[in-house]
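Now for the letters of each chain:
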Amino acid sequence: MADRFPSPFDISTPDGAEGWQELYTYSSLFGEERREYEDAAFWFHDGVHWPEALTPWDTTFMEFAIASLSQYNTRHYLIPPAYGVDFRILNGYVYLSPVPAPAEEIEARVPLFMERAGFYFGNWDRLYDDWLVKIRDLVKEMSALSFTSLPDMEELEVITSGAGKGSGNDLLASYHRLLDLSLTLWQYHFEFLNLGYAAYLDFFGFCKAAFPSIPDLAIAKMVAGVDVDLFRPDDELKKLARLAVSSGIDDRFVAGGDVATIWQKLEADEAGGAWIAEWERAAEPWFNFSTGSGFYHTDKIWIENTEVPVGYITDYIVKVKEGIDLDRPVDALHVERDRVVGEYRELLDSEEDREAFDAKLGLSRTVFPYVENHNFYVEHWAHSVLWRKMRDLGKVLESAGFIADTEDVFMFKRSELADVLWDLYAAWAVGAPARGPGYWPGEIQRRRHIHQALKEWSAPPALGIPPEVVTEPFTVMLWGITSDSVAAWLNSGEGDDEGVLSGFAASPGLVEGPARVIFSADQIGEIEDGEILVAPLTAPSWAPIFGKIKATVTDVGGMMSHAAIVCREYGLPAVTGTAFGTKTIKTGQMLRVDGNTGKVTILEG
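Described below are features of the structure shown in this document. (Residues numbered from 1 in each chain as written. Predicted model: local features only at pLDDT ≥ 70, side-chain atom pairs only at ≥ 80, totals over all residues. Heavy atoms only, no water.)

## Focus on unusual backbone geometry
For the bond from Glu284 to Pro285, the omega torsion is 10 degrees, close enough to zero to count as cis. Examined against the element boundaries, Pro285 turns out to sit in helix 10 (residues 270–286). Positive phi, close to 55 degrees, is recorded for Leu78, a residue that is not glycine. Structurally, Leu78 can be placed in the loop between helix 2 (59–76) and strand 2 (82–90). (Helix = DSSP H or I, 4+ residues; strand = E, 2+ residues; numbered from the N terminus.)

Shown next as structure tokens:
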């Protein structure tokens, strides 16, 4: 049995990816200057958020996200046992390492945390209402940013208005403002998220102490059945499907049909026009929804790739006509939730314990919706706007000959892009040739070859020296990194019975059915009714396929990952964090998925 994972300093560069380090911020790379610290730490690959090799600019959101998370843990709320999460990029992939607070500091941090977190918990509704205003105002400001090509001559109004500045200044300022807003966005993201997890983990810890044998899933059931905005995009699709049927225009939606043709048919009469009006009402903001995690510019956005939501609506129309109930099983979740709460509450010995149980559960239910709501507002809506603004900037650079294609803008590092815009501006101001058109197209092509080689590399699940016991709660709950999973990685998945995979009992239920293994949202169309979805991870925007499948199995993610939470809310059995699901299971094999025990059994095939 191996006692450690490979050292990051022993990992080779994939063939064809030589020089990959130039694509990323120097401080995010492993380096000899920090070797003693880095080689002794435990680093795990974050396949929950960044399963694929990142392009240079996409790395921006990873760095902003993890730094903001860490700032709130370490400097704002002073989470007693935890500092931040360190981050590195290796061959284009993200590796994280939780940093514990020094043991001698923990006791002193407790009262500071209680005061700071207590303020938020005591004023949660008011502060959250304010947060919604802040986030919408930020998205509005981002949407208003403009990136346009520099003019041959400034308009006369620039002179007569007394503005004292011109188009070049505005172009550079808009890019810097876009970066400022992006970082602010991620500061807002973690203003509430860490506290949402902290409240749940406090309740979780209380239950584990009071009921030592309680399953993790039973605790999760006690906060299920929440009403969150993350489900709103799917709810809007269902409304549009019902409207199509009730309006008698459902025959205009054909599986695999061309969206332009469908729209042409809808525009032909009043009923179709009314349906389009409802579509437009729902689309902003709810269809600013990514088919992936929201962290990759290549993820399809519903509002820009309308064939995706229209395809889901077409499927829902069939189910509406068959009389199938499309609603989430909220009432059933509430019944089960109340049953579990009552069962365990009765086991408590004293009224004092019951009062503590009620208070901690009540706080968890109050704050828990944010744990999922932030995902729509930040990773999906705001990121959708940001990707669009970056493409607007890419068009400016393409028209100036700096890049061959708009998408090439994502092959620049964020700090590097400021220099590129300076080159464009300075040459325009002087009236002389810029260096960029002769330099960047070839360099971008070289980087694309490197990035393709990185995408074909298989990232090891972890690096460095594993901890004796994984105790950091966020690492366990969100990423699904446990002592058992670390041991399984060290032994390359050995330990389970042949044909059996173990993971988190993420959502209850026991079902059998044929497997459908997919690796990206582009394969969703392959899924057929009655299959069991097996994927590296799922995205919230995959919810419309939950009416087709019997269960979900993922490689990564813990009890509080998005896949786990969404599956529970849709009443879909799920086992997350199997590590080797997509490597072991083949499409068509018969599976038994036990969401109550976290076991996946390959029955035949």
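## Comments concerning helix 18 (residues 562–569)
Of all eight residues that make up helix 18, eight are buried, and the element is covered over most of its length. Of the residues making up helix 18, those classed as buried are His562, Ala563, Ala564, Ile565, Val566, Cys567, Arg568 and Glu569. For helix 18, the secondary structure elements touched by its buried residues are helix 7 (216–221), helix 12 (330–345), helix 13 (351–399), strand 6 (504–507), strand 9 (551–554) and strand 10 (574–576). Gly571 occupies a position one or two residues after helix 18 and carries a positive phi of about 65 degrees. (Buried < 20%, exposed > 50% of the residue type's maximum accessible area, 1.4 Å probe, protein only. Contact = heavy atoms within 4.5 Å.)

## Describing the nonpolar core
In terms of nonpolar packing, the biggest core is built from 199 residues, with Tyr175, Trp275, Phe357, Leu397, Leu417 and Trp489 touching the most fellow members. When residues of this core are assigned to their parent elements, the largest contribution, 21 residues, is made by helix 6 (residues 167–210). Looking at which domains feed residues into this core, each of domain 1 (229–330) and domain 2 (497–604) supplies at least three. Those residues in contact with Trp489, other than ones at most four positions away along the chain, are Phe5, Phe42, Phe44, Pro461, Ala462, Ile481, Ala579 and Phe580. (Core = buried A, V, L, I, M, F, W, Y, C linked by side-chain atoms within 4.5 Å. Domains from an automatic or database assignment.)

## A few points about the sheet that holds strand 7 (residues 510–517)
Strands sit in the order 5-12-11-7-8-9-10-6 across an open sheet of eight strands; the sheet is mixed. For this open sheet the edge positions go to strand 5 (500–502) and strand 6, each flanked by a neighbour on one side alone. Neighbour-to-neighbour, the strand axes of this sheet turn through a mean angle of 30 degrees, independent of strand direction. As paired strands, strand 6 and strand 10 are joined by three bridges and run antiparallel to one another. Bridge assignment links Phe504 to a residue of strand 10, and that residue is Thr576. On the sheet, helix 18 packs against strand 6, strand 9 and strand 10 and is oriented at approximately 45 degrees with respect to strand 6. (Pairing = 2+ DSSP bridges. Axes fitted to C-alpha atoms, helices over the stretch in contact; angles between N-to-C directions.)

## Side note on the pattern of salt bridges
Two side chains bearing opposite charge may form a pair once their charged atoms approach each other closely. Counting across every chain of the model gives 39 salt bridges. Notably, a salt bridge pairs Asp327 with Arg242, separated by 2.9 Å at the nearest N-O pair. Linking Asp327 in the loop between helix 11 (307–321) and helix 12 with Arg242 in helix 8 (residues 232–246), this pair joins segments that are 85 residues apart in sequence. Judged by its relative accessible area of 48%, Asp327 falls in the partly exposed class. Residue class for Arg242 comes out partly exposed when judged on its relative accessible area of 32%. One salt bridge connects Glu304 with Arg388, and the closest N-O pair in it is separated by 2.7 Å. Linking Glu304 in the loop between helix 10 and helix 11 with Arg388 in helix 13, this pair joins segments that are 84 residues apart in sequence. Look at Glu304 and you get partly exposed, because its relative accessible area is 36%. Overall, the relative accessible area of 25% leaves Arg388 in the partly exposed class. In this structure, a network of salt bridges that share partners links the residues Glu22, Glu416, Glu443, Arg446 and Arg447. (Salt bridge = Lys/Arg side-chain N within 4 Å of Asp/Glu carboxyl O.)

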